[in-house]
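Coordinate inspection notes
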Number of protein chains: 2
Amino acid sequence: MTKYVYQFAEGNAKMKNLLGGKGANLAEMTGLGLPVPRGFTITTEACTRYYDDGEKIAQDIEDEIFATLAKTEAEIGKQFGDPKDPYLVSVRSGARASMPGMMDTILNLGLNDEVVEGLAALTGNPRFAYDSYRRFIAMFSDVVMEIEKAKFEHVLDTVKEEVGAKLDTDLDADAMKAVVARFKALYKQHKGVDFPQNPREQLIEAVKAVFRSWNNDRAIIYRRMNDIPGDWGTAVNIQEMVYGNMGETSGTGVAFTRNPATGEKKLYGEFLMNAQGEDVVAGIRTPQTIDQLNEVMPEVYQQFVEIADKLERHYRDMQDMEFTIERGKLFMLQTRNGKRTAAAALKVAVDLVAEGMIDRKEALLKIDPKQLDALLHPTFEPAALKAGKSIAKGLPASPGAASGQVYFNAEDATTASERGEKVILVRLETSPEDIQGMNVSQGILTGRGGMTSHAAVVARGMGKCCVSGCSELSIRESEKYFLVADGTRFNEGDWISLDGSTGTVYAGAIKTEEASLSGDFATIMEWADEVRTLKVRTNADTVKDSQVAVQLGAEGIGLCRTEHMFFEPDRIFAFRQMIVAKTEDARRTALEKILPMQRDDFAGIFKIMKGKPVTIRLLDPPLHEFLPHEADEIAELAQALGISSEQLQGIINDLHELNPMMGHRGCRLAVTYPEIAEIQTRAIIEAAIAVNKEGLNVAPEIMIPLVCDVKELKFVKNIIVRTADLVIAEAGVDLKYQVGTMIEIPRAALTADEIATEAEFFSFGTNDLTQMTYGLSRDDAGKILDAYYRVKIFESDPTARLDTNGVGKLMKIASDYGRATRPNIKLGICGEHGGDPASIAFCHSLGFSYVSCSPFRVPIARLAAAQAAIAGGDTLGQK
Amino acid sequence: MTKYVYQFAEGNAKMKNLLGGKGANLAEMTGLGLPVPRGFTITTEACTRYYDDGEKIAQDIEDEIFATLAKTEAEIGKQFGDPKDPYLVSVRSGARASMPGMMDTILNLGLNDEVVEGLAALTGNPRFAYDSYRRFIAMFSDVVMEIEKAKFEHVLDTVKEEVGAKLDTDLDADAMKAVVARFKALYKQHKGVDFPQNPREQLIEAVKAVFRSWNNDRAIIYRRMNDIPGDWGTAVNIQEMVYGNMGETSGTGVAFTRNPATGEKKLYGEFLMNAQGEDVVAGIRTPQTIDQLNEVMPEVYQQFVEIADKLERHYRDMQDMEFTIERGKLFMLQTRNGKRTAAAALKVAVDLVAEGMIDRKEALLKIDPKQLDALLHPTFEPAALKAGKSIAKGLPASPGAASGQVYFNAEDATTASERGEKVILVRLETSPEDIQGMNVSQGILTGRGGMTSHAAVVARGMGKCCVSGCSELSIRESEKYFLVADGTRFNEGDWISLDGSTGTVYAGAIKTEEASLSGDFATIMEWADEVRTLKVRTNADTVKDSQVAVQLGAEGIGLCRTEHMFFEPDRIFAFRQMIVAKTEDARRTALEKILPMQRDDFAGIFKIMKGKPVTIRLLDPPLHEFLPHEADEIAELAQALGISSEQLQGIINDLHELNPMMGHRGCRLAVTYPEIAEIQTRAIIEAAIAVNKEGLNVAPEIMIPLVCDVKELKFVKNIIVRTADLVIAEAGVDLKYQVGTMIEIPRAALTADEIATEAEFFSFGTNDLTQMTYGLSRDDAGKILDAYYRVKIFESDPTARLDTNGVGKLMKIASDYGRATRPNIKLGICGEHGGDPASIAFCHSLGFSYVSCSPFRVPIARLAAAQAAIAGGDTLGQK
């Protein structure tokens, strides 16, 4: 039979999945012999059972709760609900992962009209007893019964006014009794029944409330943001009350063993005498810093310092602790690994190694790779931010902070930038035509599109701050203004600020400060590089991106898209000439104009990369993306091209596709227009030959996109090889190069054994592969996913993470098949997932050679790869 | 070492893959001791080697050819190129599968200026010798050297005129010599060199020409149409010449052992005395029927009858034979299983069983299931067709013949049909809005779209003739006319005729005759049903289709689409009200209007199906398909709906998707609007309850489309089950029903183990599954595939057949995973491939329960399933 309830003495820190973080640590501290009030934990499995049973606590679980309660009563020699020697408890939630924003704590549970009198008699302190009772009534009503907290606060304020009291502490016992009476009346007014007097009923209702709180809106959103599965459930901790509000020898506080903001090794925290935990939070009185406790109660302070030290050594990590002092006696109510800033995380990890407490590998495992992002981008100056007025919230699409004047199209943004203005580009959604405008902007704000929209993906690639999908705003692109929810209008040229790490949009300019990478950052990266086996490359299309990526530790380029090169203003016209050309000759003539420019692009990138591997992907997007769609632009372009608007419109219509994502793009372009692949190959090979003459040793990797069959791969590869060999022969030099393919169509994965006969490397394009495997276009997914979140089918965008269950199976098949044909085939990933720690761990498990991600994700990937190597041990590929 | 050349005596009929059909049968006849002129076969492997070697005959193969030639020379005691006793040969191609439209035969090879004199001397017949020589020069020039045949015919005509001859036979030896001289001059004029005098050179050039002919345009197109792989290659047969033109005791002919048009058991064929094979074809003289040979040469006739009988018994099938009589001696030049009409195929198969020559299973294997199609649709009256004028050719998208007056939109077609006109609907392409118009038409003609376009798929479903992708026509829908290539204009109301089996469009009306299913058809179907293990269901959405399908033997409905039910004129308005509704209540109100109509639809189908299983799929297409897209229609509808045009346009814009195929459709609609699933479930269950009260025993199968994750399946299933159980409880009856899912998204296949925890059956939707697995939208594939054909990456549309290599792997994974979770899970296929024999064999091998196809493919599927059972033996599912 499943055991659903554990006394603290029965558990330990390893039972976190079952007991939740708080419960497991209470058990662990109990086992360490620390002063922990007794209690027990109702397991996370009881919570999932509660939901399986249709939101009911089954009789067997209820029985087990009360049996454990009885056992605890026997041990401490008190009876729950006994007025003579009251046994009161706190009820707290505690999930596997810490989840602030879930439910509040309920204190003093077990009090009723009788017990409160007993408590008054026993302590000789009626004021304390009724203070505790009124707190309990308010908390229970709010948390369990969902009666607004403010209503109780209002009653309290009224009483204070009536008796002329300023602080709560000014209220005497009689006043507290009056408050209790009015609170009970308020309860009855709302619920139609009296406040529950049966402590056992109070307890079960409180437990249910904790279980329910697992699925409140805040918790769901928090889980979605933090990838916490909805089926984990929460545990509930029932613990004997101790009182920090029993007079001047009592108190309560919280403390970290080190400074969570900086990582400095020094006890950090605060406490309040004669108070319960909620008073510390409420800020009615100003708490004292933890070292002042040494003056107030030196012995208790000394004991606490020893416990803190013991806990840190025991857990081998910085601890975040809660404690209460009841009439001079110290009780520990919680300990856990403390949350910390990115900077603190690095310092603590490095220091713990220096102190000999942990080794380097353990240090690496203590840092959340995603946190590093915060260190790599500008942030608002904290002081300046306080004055900022938030006007809207969108998705945190690309991290960093930025201020600028708003412009509503790429052209205006570019012009303003040329005038020396700082620009925020505001668009309903962006398209490849906006690249130039995005590039000159400080940040990008869009009204539509998710975390994987064009704006988000490109901004992340550029390392530029972006808030996407900000649907609260009414953006009028053509009229050049937007409205916020309250109707305030922002016109072209007005200042706003964006926080791409939170998705917040602010009115006005807010000062930002640049990222600076401390010595701890470099140390951790060095350690990570020592242990990881996965190489980390970057997705970079420009010299600038490549430069940034190399600085951040990129060991090569895993994906150099070439389409952006065609959008550059100095060549898009030639490319448009190519698109409208009727003959191969005309197409070649147009392409020849682009050749030298593209060659220079590649040469620039090769030089930055100094011989590190560079994978260049041939042109991928459908051609219609290169042509305008508005009537006036069409007319203008038609004139420039020397054809009629009708002709150009006809060409655009011909290029229109019902499902462009599954249409004429990728290598299908090279099959239709082999001259594009030819010119691109020539540009790549000529660039490589040129830079090698300057002493580099570049061996380009040419990548063919969107392959679904080995025959098309072979066809395009033949064009590349023929052209490359010709160029190499012309130059009379030696040059090595490789030809490989993206695996981004399910069939390529399923026939990878055949594909590998031609491909010298595979690069998994998990963006497209995920969309096709799911049959879900990310451009169209927004509305669909909203509905799916609403009814809880999905808790977060299933395509944002590498879906190991579905897409991962295809990757495994492709890896196995590919290796069966070509045992040493190089495997990599260049989709967005290449920068996601969980996905990196999966790639490590498949024995990939490298992951490739946007420049600013390179450090994250380096750390994640190290963690995967430490945690995962050997990989499939090495088996 | 690979053996590339086989003497006839070394081969047999089983070596068809290596020797080609003709070569294998010549070997077999040689082995049977029949009078076959000696010779040898160069294998198909030599052909593929020829291409692998860059279109060259490798030295080792050439050596082997001449070595075998020498061996044959020794055996027959003649020397190739010896003027004294000439040894002449014919050179003929012969692929594994018979491929008319490949290369022509070359006769009399080995003749040159010297040898012809020898032949004249030896036969004492200079006219014969020079006649043979001039024929050889013309054939060699045409077939090997690609000099136009007409040029030689022109020279011949000129000589005939000069000497006053009417027939070729009127030319004497001198005239023939003159012809030879002029032919040689013509050759030199074109090639710049003399006609090759070296017989060995002639031979090798001829062999190369045969190899080359494998990849001529006609051959490629023929292969694409008949699914013959391009890498098979052709064999070449070199055979000693025998002469039917050696005077009045010589002749040549062709004959079938039975009548290939009717199947009647009676020798059928014709012959010509003093002629070579080409004369029979050329039709210069009228041949005699084969039984007249009994009068001309009774002994030879008797011998031929015996050989024919022997061959038919030996091959146990109707034979198609070629023979030559040289100076009274009979030679067999070819035998093969004769091509026959569908009707003949059935009769021959049934008769052969009756004659005890084969058993029923063998009989079933002798019929090409695809041929049956011809028996199920109307055809043009042969006499009427002769007068028909072909005006254009499109794709044979849906078989049958139809005549009617052209209309250019669904509305006009409907009105005309109501006036009693016969209508041909002509559209650029069709969309779901055209269903009604298609339904009232005799046939459909479209300017765009392939064999899997909307028009093609729906027409096949309706069993209606359709010619699609007829790009030669300039169709002006709004101006209501079309132009053919020569500029002729067809206006609304003009008559045209369509042959959906060939893709031909004719001007004017042509009389058609209805299909009649003979007794042999019923017999064969009965035999097929005895042996097959796969059930055959149909895809049918209407009472009419269901009725047709049942008549054709459908054992249930595997796919009843419900979207067409929403397009019906009497309900589309209510459905549009639902789409524009802002609240769930308003949506429900609109849907309630459709409920009774849809219930009647289902009841009608259930009644026709009389308790046979019926799988009904919930609404699948994106909602935008139900709204108009033209400004005037939008305005009209907005008014009817009581909203502004701008509002309606806004709704339409909101519904716009970049990739609708991977967008908001399928079960995603049911997640967003559960009330749609509810109402549909209610309609289905109420209909079932109603018909069961009338004594039927319907257990509906409700199918959820486009599932990618078990959680969404579970969500929608819960709606269905909740609703169904409620309706059943309301009615107070017992009703069984099942809930299953389409497997049409790759991820559904990859996670089929999870999906099967909820799904009671899987139905593979291979249309979408194929498109997503290939990353290729069939609506956009036309232009792409044209390019792929041109450069020979693909030989035919790779998505038209079930792609066992890629999509098939997903199906295998899904079948295995599904059975692992639910061992008895019912597996079926309802994509277009469900009617394709090769795909049916694959489904049989996976142990599927059933295939489902359009009504008119049901007989094909029954036969194909029987063939799969006979050929495949056990299935994976039964292992």
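In this text the structure is predicted, and so the values were computed from the model without any measurement. (Residues numbered from 1 in each chain as written. Chains lettered and ligands numbered in written order. Predicted model: local features only at pLDDT ≥ 70, side-chain atom pairs only at ≥ 80, totals over all residues. Heavy atoms only, no water.)

**Concerning the interface of chain A and chain B**
Between chain A and chain B, the residue contacts involve 50 residues of the former and 50 residues of the latter. Of the roughly 4400 Å² buried between chain A and chain B, counting both surfaces, carbon and sulfur atoms make up 59%. Seen at the junction of chain A and chain B, the total is two salt bridges. A salt bridge links B:Arg747 to A:Asp803, with the nearest nitrogen and oxygen atoms 2.7 Å apart. Linking chain A with chain B are 26 residue pairs in polar contact (both at pLDDT 80 or more), by the criterion used here. Looking at the side of chain A that touches chain B, the elements with two or more residues in it are helix 26 (645–655), helix 27 (667–672), helix 29 (710–731), helix 30 (746–750), helix 31 (752–758), helix 32 (766–774), helix 33 (781–790) and helix 34 (807–821) of chain A. (Contact = heavy atoms within 4.5 Å. Buried area = accessible area lost by both parts, 1.4 Å probe. Salt bridge = Lys/Arg side-chain N within 4 Å of Asp/Glu carboxyl O. Polar contact = N/O pair within 3.5 Å; in protein donor to acceptor, adjacent residues only side chain to side chain. Helix = DSSP H or I, 4+ residues; strand = E, 2+ residues; numbered from the N terminus.)

**Some remarks on unusual backbone geometry**
Despite not being glycine, A:Glu55 has its phi angle at roughly 60°, a positive value. Along the chain, the position of A:Glu55 falls in the loop between helix 2 (44–52) and helix 3 (59–76). A positive phi angle, close to 45°, is found at B:Asn274, a residue other than glycine. Summarising the element assignment, B:Asn274 is placed in the loop between strand 7 (268–273) and helix 10 (277–282).

**A look at the packing of helix 23 (residues 569–580) of chain B against helix 24 (residues 584–609) of chain B**
Residues and elements named next belong to chain B. At their nearest, the axes of helix 23 and helix 24 sit 8 Å apart, and the two run at 150° to each other. As the angle between them shows, helix 23 and helix 24 are arranged roughly antiparallel. When you trace helix 23 past helix 24, the crossing you get is left-handed. Of the residues in helix 24, those in contact with Asp570, Arg571, Ala574, Phe575, Gln577 and Met578 of helix 23 are Arg587, Ala590, Leu591, Lys593, Ile594, Met597, Gln598 and Asp601. For the contact of helix 23 with helix 24, the per-class residue count stands at seven nonpolar, two polar and five charged. (Axes fitted to C-alpha atoms, helices over the stretch in contact; angles between N-to-C directions. Parallel < 35°, antiparallel > 145°, perpendicular 65-115°, else oblique. Left-handed = near helix turned anticlockwise from the far one by under 90°. Nonpolar A, V, L, I, M, F, W, Y, C, P; charged D, E, K, R; others polar.)

**Focus: the relation of the copies chain A and chain B**
Mapping chain A onto chain B calls for a screw motion: a turn of 180° about the axis and a shift of 0.1 Å along it, with 0.2 Å RMSD after fitting. Interpreted geometrically, this transformation is the action of a two-fold axis. Judged by C-alpha distance, A:Asn659 is the residue of chain A that lies nearest the rotation axis, at 2.2 Å. Of the residues that chain A buries at the interface, 100% are likewise interface residues in chain B, meaning the two copies contact each other through the same surface. (Least-squares fit on C-alpha atoms with pLDDT ≥ 70 in both.)

**Digging into the sheet that holds strand 3 (residues 89–95) of chain B**
All names here are of chain B. Spatial ordering of the open sheet is given by 1-2-5-3-4, a layout of five strands whose pairing is antiparallel. What marks the edges here is a single partner per strand, and that holds for strand 1 (5–7) and strand 4 (106–109). Within this sheet the neighbouring strands show an average axis-to-axis angle of 25°, counted without direction. Taken together, the seven bridges between strand 3 and strand 5 (residues 234–240) define a ladder with antiparallel strand orientation. Counterpart to Ala95 in the pairing with strand 5 is Thr234. (Pairing = 2+ DSSP bridges.)

**Focus: the packing of aromatic side chains**
For the structure on display, the rule yields 42 aromatic pairs over all chains. Centre to centre, the rings of B:Phe762 and B:Phe764 are 6.4 Å apart; their planes meet at 90°, and the pair counts as edge-to-face. One exposure class covers both B:Phe762 and B:Phe764, and it is buried. Taken together, the ring pairs in this structure connect A:Phe136, A:Phe140, A:Tyr187 and A:Phe195 into an aromatic cluster. (Phe/Tyr/Trp six-rings, centres within 6.5 Å; stacked < 30°, edge-to-face > 60°. Buried < 20%, exposed > 50% of the residue type's maximum accessible area, 1.4 Å probe, protein only.)

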